[in-house]
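Structural overview
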Amino acid sequence: MTERSTLARQELAESSAALALARTLKAAGVDHVFGQSCPIAFFLAAKRVGIEQIGYRTENAGIAMADGFARRSGRVGVMAAQNGPAASLIVGGLCEALRASVPIVAIVQDVVRANTDRNAFQEIDHEALFRPCAKWVRRLTVARRTAEYAVRAIRAATTGRPGPAVLLVPFDVLLEDVGDTTPPAWVTPDAGRYPQDRFAPSRASLREALAIVSQAERPLVVAGGGVHHSGAAGALARLQRTLGVPVATTYMGKGAVDETDPLSVGVVGYVMGSGAPAAPLKSFVSGADAVVFVGSRTNENGTASWSLFSRSARFVQIDVAPEEIGRNYEGLRLLGDARETLEAMLEEANASGFAREHRNAQVFRDAIAQARRLHAGQVGPVMRDDAPTLRPERLLRDLDRRMPEGTVWVADASYSSLWVSQYLTSRRAGARFITPRGIGGLGGGLPLAIGARLADPASRVVAVVGDGGFAHCWAELEVARRHRLPVTVVVLNNGVLGYQRDAEQSRFGDVTTVCEFGPIDHVAIARATGCDGIAVRRVSDIEAAIGAALAATGPFVVDAHVDPQAFPPVSAFEGLKGGEAGDEVRWHAH
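Residues numbered from 1 in each chain as written. Predicted model: local features only at pLDDT ≥ 70, side-chain atom pairs only at ≥ 80, totals over all residues. Heavy atoms only, no water.

Here's the deal with helix α10 (residues 233–243)
Three or more residues of α10 are buried, namely A233, A235, L236, A237, L239, Q240 and L243. Following α10 by one or two positions, G244 has its phi on the positive side, about 65 degrees. (Buried < 20%, exposed > 50% of the residue type's maximum accessible area, 1.4 Å probe, protein only. Helix = DSSP H or I, 4+ residues; strand = E, 2+ residues; numbered from the N terminus.)

Considerations on the sheet that holds strand β16 (residues 488–493)
The sheet built from six strands is open, its strands ordered β14-β13-β15-β16-β18-β17 with parallel pairing. Strand pairing shows two members of the sheet lacking a second neighbour, β14 (433–434) and β17 (532–536), which therefore form its edges. Bridging between strand β15 (residues 461–466) and β16 involves five bridges; their strand directions are parallel. For A463, the partnering residue across the bridge sits in β16 and is V489. Sitting on the sheet, helix α14 (residues 392–402) touches β13 (408–411), β15, β16 and β18 (556–561), and the angle it makes with β16 is about 165 degrees. (Pairing = 2+ DSSP bridges. Contact = heavy atoms within 4.5 Å. Axes fitted to C-alpha atoms, helices over the stretch in contact; angles between N-to-C directions.)

Looking at the packing of helix α3 (residues 59–73) against helix α16 (residues 445–455)
Relative to each other, α3 and α16 sit at 40 degrees, their axes nearing to 6 Å. In this view, α3 runs oblique relative to α16, as classed from their interaxial angle. Both α3 and α16 take part in a crossing whose hand is right-handed. In contact with A61, A64, M65, D67, G68, F69, R72 and S73 of α3, α16 contributes P447, L448, I450, G451, A452, L454 and A455. (Parallel < 35°, antiparallel > 145°, perpendicular 65-115°, else oblique. Left-handed = near helix turned anticlockwise from the far one by under 90°.)

Concerning the pattern of salt bridges
On inspection of all chains with the given rule, the structure shows 32 salt bridges. When the shortest N-O distance is used, the salt bridge between E324 and R161 registers 2.9 Å. One end of the pair, E324, is in the loop between β11 (314–319) and β12 (332–335); the other, R161, is in the loop between α7 (146–158) and β6 (164–170), and 163 residues separate them in sequence. The class of R161 is buried, set by a relative accessible area of 17%. Within the structure, one salt-bridge network assembled from shared partners comprises R57, E478, R481 and R482. (Salt bridge = Lys/Arg side-chain N within 4 Å of Asp/Glu carboxyl O.)

Treat this as a map of the structure, not an account of what it does.
Okay, structure coming up:
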């Protein structure tokens, strides 16, 4: 038998598996798929059914775009990639989505079934590649099961603890005839939403949690990224007001509460050195005798290497994933969706007599107000108009004041996300600050912003990135321009890999030779991709730059030449400042 080349002319029939896949995704509410050309048959089918293809320049950016889309839209993000080296480039993004609980379906082309294990072009063991970084990995080998596997991938991504699912589709399967490609009637746009399943713990366990909070002298609620995924910010705000308890957030939980509320502590974790808004409250936080975690992984950074909270405290943990509860802090298990659980807790508080302000609520407010005054004094010198260098703190403060209400903030990993967490303010419960803190890989800032802007075309999206991270993905500016997605990108241009340098200096008293690099003109890069930008070199330039960004109708880069010696208030780097730690609030209960 003569073997047929995979490059031979193909016909895409209306009854093909490719059409079945595209129509099932469309029925589930998928209107956009991030991808280049492969799987070709799928994208041609997607065009027929009205799914828009959003091209990316690199696969690692494409998976981040799907991530940003999912985080902002509340729907599964879908991307596609070719087999082999292209597939390997999405591993980091899948790891981020797995750790950050973001629902993504990645459709990855595989070699023709008959060519398996024959050294086909770009053949690798994709199942082994993806198994450690996805909730669900399957290879579609029977064409008539295409719709079934598409639905299973979406369900895997959106149910339980959300996360990524990978569907491997051999090239030849998509061309097979499946007869009827009409999706099952029960596949509706709701299938693509998350969380799919909402449930709450028993009333008895909720009463026990309320009693723990009521009996404590210094209770604290810590909200993680799960609050955003669940849409639980409103319920959390009501609980904060009803019980009169302080609420802090993790880095991924930022925006879950209104940080101007008198009972909001701010972001806690490993960035509580002098100059951090929550720094004066470090003893207040570490002295909490009851801690309620809501949608938090209790990971290393969010707990200052598990040293921030007292082991003598009583712990309550609300989470949708049973394996996360008690992973690092044993306590009362409240297995349930964050929003459903908090709303049930409020109902139980009203029914059981716990719906009253904590007896120390005013003491909490006074302590937090004092901390805010101390913080303002600590950062005052770098906020001055006549400061000798342009500091990230001042730049972000001015951006915070000028950008419109409802702006969606995005940050790259490393120092960018720390600057954003510390020096931008969440002024309402449910504000969105999208940061890749699942595993913290560089290069995600711009593509996350592109995905968020596609999901929310009515909002302004601003990405804050470092020059090191931006170098990973600046080609995606052309993607934003081509698809008419006017994101603002603020590049903290200091010519140095800051986190790497400071970590080396802090640990070893010396730095490697690769931390510093030459000057880069990011405005020139923006213009080379058909976008525009403006440089900022001093405090007096900030106002005009923000005005230009607000007036821009396309992607716009603010190239901010910031002080290379500036670094966020990482607690472990306190010794690099050469001074003493700032004052802390002294707390006394009535």
